[in-house]
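Chain by chain, the residues:
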Amino acid sequence: MNAEPASTEEPSSAVQNLEHHECWAMLRTVSVGRLAIVVDGRPDIFPINYTVDGGTVVFRTGEGTKLSGASGDSAVALEADGVDPSTGMAWSVVLKGTSAVVRGTEEVLDTARLYLFPWQAGHKDAFVRITPDSVTGRRFKVTDPLTWWTQHSSAAKSWPE
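Throughout this document, residue positions are counted from 1 along each chain, in the order its sequence is written. Local features are withheld for residues below a pLDDT of 70 in this predicted model, meaning they are given only at 70 or higher, and side-chain atom pairs are given and counted only at 80 or more; totals for whole chains, interfaces and linings count all residues. Excluding hydrogens and water, the side-chain values take into account all heavy atoms of the structure.

K.L.:
Got a sec to walk through the pairing of strand β5 (residues 74–84)? Specific residues and values, please.
P.N.:
Strands are treated as partners if at least two bridges between them are detected by DSSP. In DSSP terms, a helix is any run of H or I states spanning at least four residues, a strand is any run of E spanning at least two, and both are numbered starting from the N terminus. Relative to β5, strand β2 (residues 32–39) is paired through three bridges, and the arrangement is antiparallel. Opposite L35, over in β5, you have L78 as the bridge partner. Here β5 pairs with strand β6 (residues 89–101) via eleven bridges, running antiparallel. Within the sheet, the bridge partner assigned to A80 lies in β6 and is V93.

Following this line, the structure appears as structure tokens:
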């Protein structure tokens, strides 16, 4: 009996790991991500707008929890993602490393040339640079909601869900 050859097509649920240079290329296509820091011994996440600067990521912020948690060579993570609505292909990149406030006149002036403007008004005079230890990413096809939706998906939920 002849066995049929294995399919060479990837299943729609296949996840493709991105190469290092692809991760950086994806990070350059968006300007918003989520910054994960540790605050008082607990993880916290903040939306930030950022820009890629060489092999680092830079964002602006003002005084507060985010700046405090991202100062002094702090361990941080940044996650950014996107989806191409025309192809249904999504991607997600996670950068892990350390962050530090940009100091020194020459470094601040060099960073200010990035034209990085926060979305939210207020004094956002601190530039923070994230230097990665690792950058990983994935690409995958977005699954049509009707494939996983069930009648229970829209069932009434009890508080505090």
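K.L.:
Before we move on, can you summarise the pattern of salt bridges with the specific residues and values?
P.N.:
Salt-bridge detection follows one rule: a side-chain nitrogen of Lys or Arg within 4 Å of a carboxyl oxygen of Asp or Glu. All told, the structure shown has six salt bridges when counted by the stated rule. For R139, the salt bridge goes to E22, with nearest N and O atoms at 3.8 Å. Of this pair, R139 sits in strand β7 (residues 126–141) while E22 is found in helix α1 (residues 20–27), placing the two residues 117 residues apart along the sequence. Among the salt bridges present, the one from R113 reaches D110, with a minimum N-O distance of 2.9 Å. Under the scheme applied here, a residue whose accessible area is under 20% of the maximum for its type counts as buried, over 50% as exposed, and between as partly exposed, the area being computed with a 1.4 Å probe on protein chains only. Judged by relative accessible area, which is 45%, R113 ranks as partly exposed. The class of D110 is partly exposed, set by a relative accessible area of 38%. When salt bridges with common partners are traced through the structure, they connect D53, D110, R113 and R129 into a single cluster.

K.L.:
I'd love a proper account of unusual backbone geometry, names of residues and values included.
P.N.:
For D40, which is not glycine, the phi dihedral falls at a positive 50°. Among the secondary structure elements, D40 is positioned in the loop between β2 and β3 (42–53). Its identity as a non-glycine residue notwithstanding, D73 has a phi of 55°, on the positive side. Secondary-structure assignment places D73 in the loop between α2 (65–69) and β5.

K.L.:
Report on the environment of T61, specifying residues and quantitative values.
P.N.:
Following the sequence through the fold, T61 ends up in strand β4 (residues 56–61). The class of T61 is buried, set by a relative accessible area of 3%. Spatially, the C-alpha atom of T61 lies 9.6 Å from that of N49, the residues being twelve residues apart in sequence. What T61 contacts, discounting residues up to four positions off in sequence, is K66, L67, K124, D125, A126 and V128. For this analysis, residues touch if any pair of their heavy atoms sits within 4.5 Å.

K.L.:
An account of the nonpolar core is needed here, citing residue identities and associated values.
P.N.:
Nonpolar side chains tend toward joint burial in soluble globular proteins. If you look at the biggest cluster of nonpolar residues, it comprises 26 residues, and the most contacted ones within it are L27, Y50, F59, V93, L95 and I130. Taken together, the elements giving at least two residues each to this core come down to α1, β2, β3, β4, β5, β6 and β7. Excluding residues within four positions of it along the chain, V93 makes contact with L18, C23, M26, L27, L78, E79, A80, V135, T136 and G137. The definition of a nonpolar core used throughout is a set of buried Ala, Val, Leu, Ile, Met, Phe, Trp, Tyr and Cys residues joined through side-chain atoms within 4.5 Å. Counting residues in each nonpolar core, the second largest holds five residues, with V58, V102, L116 and F127 among its members.

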